[in-house]
Amino acid sequence: MRTFHLGLLLLIACGDKPGDTGDASAAGDGGASGSDEGAADTGGSPDTGGSPDTGGSADTGSPGDTGSPADTSADTGDTAGSEPRDADGDGWMSDVDCDDGDPAVHPGAEEVCDGVDDDCDGVVDPGLAVPSAYATIQDAIDAASDGDTVCVAPGTYAETLKLRGAAITVEGGGGSAATVIDGRGRGPVVSIAGAAASGTVLRGFTVTGGEAGEGAGIRVRSAAPTLQDLVVSGNTCTSMDGACYGVGVLLDSAAGAVLEDVAITDNVAAGSGKGGMYTEARGVGLYATESTLTLTDVDLTANVHRARVGYMASTLGVGAWFRDSTVRWSGGVVADNESDGSSCSTASMMGGGIFLQQTTLDAEHLVVADNRIDAGSTAWGGGIAADGVVGIVAAARRVVGDDDVGE
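Residues numbered from 1 in each chain as written. Predicted model: local features only at pLDDT ≥ 70, side-chain atom pairs only at ≥ 80, totals over all residues. Heavy atoms only, no water.

A few words on the overall build of the protein. For the protein, the count of helices and strands is six helices and 32 strands. In the protein, buried positions account for 41% of the 407 residues. A fraction of 72% describes how many contacts in the protein between residues 6 or more apart in sequence connect residues 24 or more apart. Carbon together with sulfur atoms contributes 52% to the accessible area of the protein, which is approximately 18,800 Å² in total. (Helix = DSSP H or I, 4+ residues; strand = E, 2+ residues; numbered from the N terminus. Buried < 20%, exposed > 50% of the residue type's maximum accessible area, 1.4 Å probe, protein only. Contact = heavy atoms within 4.5 Å. Areas by Shrake-Rupley, 256 points an atom, 1.4 Å probe, with all protein chains shown as cover.)

Below, the structure is given as structure tokens:
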């Protein structure tokens with residue numbers, strides 16, 4: 001027992017020697033102490049061979065094991081995990097794909113107006129940006145050349161637009177739900193005219209607040225634009241001469257125009273009458289003459305002709321009116337369009353949904369339902385009315401029904 005106490009006192013004395021504490025600290029910082037302890041344990045210790053202490057030795061978790069082969073292997077695994085990979089499955093590795101969580105974003109992708117660097121070239125929404133670079137949409141249009149894109153940030157823009165000099169794309173960055181052009185009653189909201197504007201694309205807007213006798217929402221003359229992802233709603237006609245044509249969209253001599261994913265709804269014709277005696281509405285939702293059109297998923301709903309009490313009134317196609325045109329229409333709904341002339345002294349109303357005059361209509365998956373015309377004298381074709389139609393081709397699964405003619 002005396003010998004044991006001497007050994008304990010010696011260990012305490014050695015640990016308390018001046019300078020030893022600093023050496024131990026330095027050894028710990030540099031890792032040399034851990035290496036030496038490992039050498040001592042591995043070297044001449046009798047326990048190395050088969051000692052039970054080797055398996056459960058406290059040295060296993062000692063600082064000296066930090067640089068052990070096992071830890072080196074773990075580090076190698078971390079390095080492998082950071083190697084380029086294709087997490088979103090778009091065919092581009094993460095070292096070049098600027099967003100490996102979105103398969104629509106990668107080098108070579110189409111750059112669209114969405115506030116994202118879609119093609120990983122370091123530029124977000126290239127083109128003429130509104131309002132960051134141009135205060136108004138019209139300012140950007142005036143500065144654009146053929147092939148340019150005007151990229152409009154989400155918001156409401158109180159202005160009317162004229163596209164005439166170049167074939168450009170005007171796009172709302174947030175789509176029709178987030179980007180609004182409001183005409184505030186100052187004429188047609190969007191006018192597209194002339195051969196130079198053919199090839200123009202208008203995409204991703206709600207078009208509202210227009211007021212005009214013709215094309216209060218969108219007016220197209222002698223051009224063939226593409227209209228995509230649009231809501232044309234809340235436009236009115238209060239024409240003093242009583243004539244209201246295409247309150248939502250008017251297409252005149254639009255050979256090759258394309259409408260895709262367009263909702264034309266809640267537009268109103270309420271002309272005040274020629275000399276206080278007569279009101280006329282043609283194609284309150286959509287009016288087209290001398291045009292060749294491709295319509296895909298185009299809806300015409302809840303457009304209205306409000307014929308004034310005691311006046312003479314005429315309605316041709318509340319939802320749509322086509323004359324001298326060829327129309328290919330795939331997918332869409334024509335419903336809840338209405339004209340009421342029951343209180344007029346004389347009223348002639350034809351085609352609550354669609355009126356066709358000297359027109360060829362090739363339609364598939366088109367629903368025409370719940371449209372209504374009500375006249376004090378003449379009313380026919382609650383759903384579709386035709387006069388001198390060249391031809392109608394209706395594919396399977398087209399539905400026409402529940403339209404109403406009142407007298």
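Below, the discussion takes up the side chain of Thr179. Tracing the sequence through the fold places Thr179 in strand E6 (residues 179-182). A relative accessible area of 0% places Thr179 in the buried class. Reaching out from Thr179, the side chain makes a polar contact with the backbone nitrogen of Gly174 at a distance of 3.4 Å. Ignoring anything within four residues of it in the chain, the contact list for Thr179 reads Val152, Ala153, Pro154, Gly155, Tyr157, Gly172, Gly173, Gly174, Gly204, Phe205 and Thr206. (Polar contact = N/O pair within 3.5 Å; in protein donor to acceptor, adjacent residues only side chain to side chain.)

In this section: the nonpolar core. With 52 residues, the main nonpolar core has Ile137, Val150, Ile218, Phe322 and Trp329 as its most contacted residues. When near neighbours in sequence (up to four residues on either side) are disregarded, Trp329 contacts Leu295, Val298, Leu300, Phe322, Val334, Ile354, Leu361, Asp362, Ala363, Glu364 and Leu366. Residues Ala212, Val247, Val318 and Ile373 belong to the second largest nonpolar core, which totals ten residues. (Core = buried A, V, L, I, M, F, W, Y, C linked by side-chain atoms within 4.5 Å.)

The full count for this structure, using the stated rule, is eight salt bridges. Linking Asp252 and Arg221 is a salt bridge whose minimum nitrogen-to-oxygen distance equals 2.8 Å. In this pair, Asp252 is assigned in strand E13 (residues 249-252) and Arg221 in strand E9 (residues 218-221), connecting sequence segments 31 residues apart. Take Arg221: its relative accessible area is 28%, and that puts it in the partly exposed class. In this structure, Arg282 and Glu280 form a salt bridge, with 2.7 Å as the shortest nitrogen-oxygen distance. Residue classification places Arg282 among the partly exposed residues on the basis of a relative accessible area of 25%. Accessibility expressed as a relative area gives 7% for Glu280, which makes it buried. By sharing partners, the salt bridges in this structure join Glu214, Arg221 and Asp252 into a single network. (Salt bridge = Lys/Arg side-chain N within 4 Å of Asp/Glu carboxyl O.)

For the rest of this paragraph, the subject is the sheet that holds strand E17 (residues 286-289). In spatial order, the strands read E4-E7-E9-E13-E17-E21-E25-E29; together these eight strands make up an open sheet with parallel pairing. Edge strands, defined here as strands with exactly one partner in the open sheet, are strand E4 (161-163) and strand E29 (384-387). Neighbour-to-neighbour, the strand axes of the sheet open up by a mean angle of 5 degrees, direction not taken into account. (Pairing = 2+ DSSP bridges. Axes fitted to C-alpha atoms, helices over the stretch in contact; angles between N-to-C directions.)

Right, let's get into unusual backbone geometry. Cis geometry marks the peptide bond from Val130 to Pro131; its omega dihedral reads 5 degrees. With respect to the secondary-structure elements, Pro131 resides in the loop between strand E1 (128-130) and helix H6 (137-143). One non-glycine residue, Ser222, lies in positive phi territory at about 55 degrees. Structurally, the position occupied by Ser222 is in the loop between E9 and strand E10 (226-233). Unlike most non-glycine residues, Asp297 shows phi in positive territory, near 50 degrees.

To continue, consider the packing of aromatic side chains. Counted under the stated rule, the structure contains three aromatic pairs. Judged by centre distance (5.4 Å) and plane angle (15 degrees), the rings of Tyr245 and Tyr287 are stacked. Placement of the pair is Tyr245 in strand E12 (residues 243-245) and Tyr287 in strand E17, with a sequence separation of 42 residues. Assessed through its relative accessible area of 17%, Tyr245 is described here as buried. Given the relative accessible area of 9%, Tyr287 is considered buried. (Phe/Tyr/Trp six-rings, centres within 6.5 Å; stacked < 30°, edge-to-face > 60°.)

Any functional reading would require information that these geometric values do not contain.
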